[in-house]
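# Structural characterization, general
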Amino acid sequence: MLQTDQTVFVLVDVQGKLAQIVNESQELHDNLEKLIKGLQVLDIPILWLEQYPDGLGPTSESLSNLLEGQHPISKMTFSAMGNEEFVKQLNELGRKQVLIAGIETHICVYMTAADLVKQGYEVEVVVDAVTSRTEANKMIGLQKMKHLGVSGTCVETALYELLGEAGTDEFKQVLKVIK
């Protein structure tokens with residue numbers, strides 16, 4: 001299970017027009033907003049990626065507003081593991097569990113997850129917080145990740161695993177986010 005002292009969240013490329021035209025775009029944004037807010041309550045570090053922002057544009061405003069004070073890591077490689085700054089920041093955190101979400105499931109999310117697994121990370125993909133332009137492409141990406149040993153989770157399961165128990169102040173704050 002996810003542990004608060006071992007988990008890092010990787011937000012992958014929710015940018016520009018692509019973020020608006022992917023399959024189930026509104027659901028994706030709603031779920032990512034809940035996930036980010038919940039992770040912030042729990043002080044889970046967030047690594048924020050942007051694929052070629054000069055071409056694709058910036059991260060969706062609803063998400064970037066939540067990440068105020070942080071800066072996205074700009075990348076050209078589809079896998080974030082091909083980006084020196086991402087690898088540096090990931091290594092500095094010293095955590096071994098990676099929660100990953102964003103777009104597109106079958107390209108950058110999948111390739112990043114695959115390379116993280118190769119490097120010995122325990123990776124969980126947030127199934128209700130990833131998508132692609134088509135449902136078929138999303139399913140291919142999820143299937144390929146599962147074959148590599150990447151577990152599937154959802155926003156609520158991930159947050160509840162990290163919480164571990166009810167009745168805490170964090171639980172009350174996360175409950176407000178989820179509902």
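Because the structure is a prediction, the values reported are computed rather than measured. (Residues numbered from 1 in each chain as written. Predicted model: local features only at pLDDT ≥ 70, side-chain atom pairs only at ≥ 80, totals over all residues. Heavy atoms only, no water.)

## Observations regarding the overall build of the protein chain
As a reminder, the rule being used: Secondary structure is summarised from DSSP: a helix means a run of H or I of at least four residues, a strand means a run of E of at least two, and numbering begins at the N terminus for each. Throughout, radius of gyration means the C-alpha value; the globule benchmark is 2.2 Å times the number of residues raised to the power 0.38. We call two residues contacting when some pair of their heavy atoms lies within 4.5 Å. Method for areas: the Shrake-Rupley scheme with a 1.4 Å probe, in which residue coverage is limited to the protein chains shown. We treat Lys and Arg as the positive residues and Asp and Glu as the negative residues; His and chain ends play no part in the count. Here the site of a charge means NZ on Lys, CZ on Arg, CG on Asp, or CD on Glu.
Secondary structure summary: the protein chain contains nine helices and six strands in total. For 179 residues, the compact-globule estimate of 2.2 N^0.38 gives 16 Å, and the protein chain sits close to it at 15 Å. Seen along its three principal axes, the alpha-carbon backbone of the protein chain occupies a region of about 45 × 35 × 35 Å. Sequence-distant contacts in the protein chain: of pairs separated by 6 or more residues, those separated by 24 or more amount to 79%. Surface summary for the protein chain: the accessible area is close to 8700 Å², and the carbon and sulfur share equals 50%. Within the protein chain, one finds 15 positive and 25 negative side-chain charges whose respective centroids are separated by 3 Å.

## Describing the packing of aromatic side chains
Applied cut-off: Centre distance within 6.5 Å is the pairing criterion for rings of Phe, Tyr and Trp, where only the six-membered ring of Trp is used; planes under 30 degrees apart are then read as stacked, over 60 as edge-to-face, and the remainder as tilted. A ring has a charge above it when a Lys NZ or an Arg CZ is no more than 6 Å from the ring centre and no more than 35 degrees off the ring normal.
Under the counting rule described, the total for this entry stands at one aromatic pair. Directly above the ring of Tyr121 sits Lys96, whose terminal nitrogen or CZ lies 4.4 Å from the centroid.

## Considering the sheet that holds strand E3 (residues 73–75)
Condition: Strands were regarded as paired on the criterion that DSSP finds at least two bridges between them. Here, axes are lines fitted to C-alpha atoms. For helices the fit covers the stretch in contact, and angles between N-to-C directions go from 0 to 180 degrees.
Spatially, E3-E2-E1-E4-E5-E6 is the arrangement adopted by the six strands of the open sheet, whose pairing is parallel. Of all the strands in the sheet, just E3 and strand E6 (151–153) have a single pairing partner and so form its edges. Strand-to-strand twist of the sheet, defined as the mean angle between neighbouring strand axes without regard to direction, takes the value 30°. Bridge analysis of strand E5 (residues 122–131) against E6 gives three bridges, and the strand direction is parallel. When the bridges of E6 are listed, Glu124 appears paired with Ser151. Helix H2 (residues 25–41) rests against strand E1 (7–12), strand E2 (46–51), strand E4 (97–103) and E5 of the sheet, and its axis sits at about 135° to E5.

## Here we look at the pattern of salt bridges
This is how the line gets drawn: Whenever Lys or Arg places a side-chain nitrogen within 4 Å of a carboxyl oxygen from Asp or Glu, that contact is recorded as a salt bridge. For each residue, the accessible area found with a 1.4 Å probe, counting protein chains only, is set against the maximum for its type, and the residue is called buried under 20%, exposed over 50%, and partly exposed in between.
Within the structure shown, the criterion is met by four salt bridges. For the salt bridge of Glu104 with Arg133, the shortest nitrogen-to-oxygen distance reads 2.9 Å. With a gap of 29 residues between them, Glu104 in the loop between E4 and helix H6 (105–118) and Arg133 in the loop between E5 and helix H7 (135–147) connect regions that are remote in the sequence. For Glu104, a relative accessible area of 7% translates into the label buried. Take Arg133: its relative accessible area is 44%, and that puts it in the partly exposed class. Two residues, Lys118 and Asp115, come together in a salt bridge whose shortest N-O distance is 3.5 Å. Of this pair, Lys118 and Asp115 both sit in helix H6, three residues apart, which is roughly one turn of the helix. Accessibility expressed as a relative area gives 22% for Asp115, which makes it partly exposed.

## Points about helix H9 (residues 169–178)
Filter applied, for reference: Regarding the arc, it is the one traced by the directions from the helix axis to the C-beta atoms.
Within H9, the full set of buried residues consists of Phe171, Val174, Val177 and Ile178. The buried residues of H9 all sit within an arc of 120° when viewed along its axis, so they share a single face. Facing away from the buried side of H9 by more than 90 degrees, the exposed set consists of Asp169 and Lys176.

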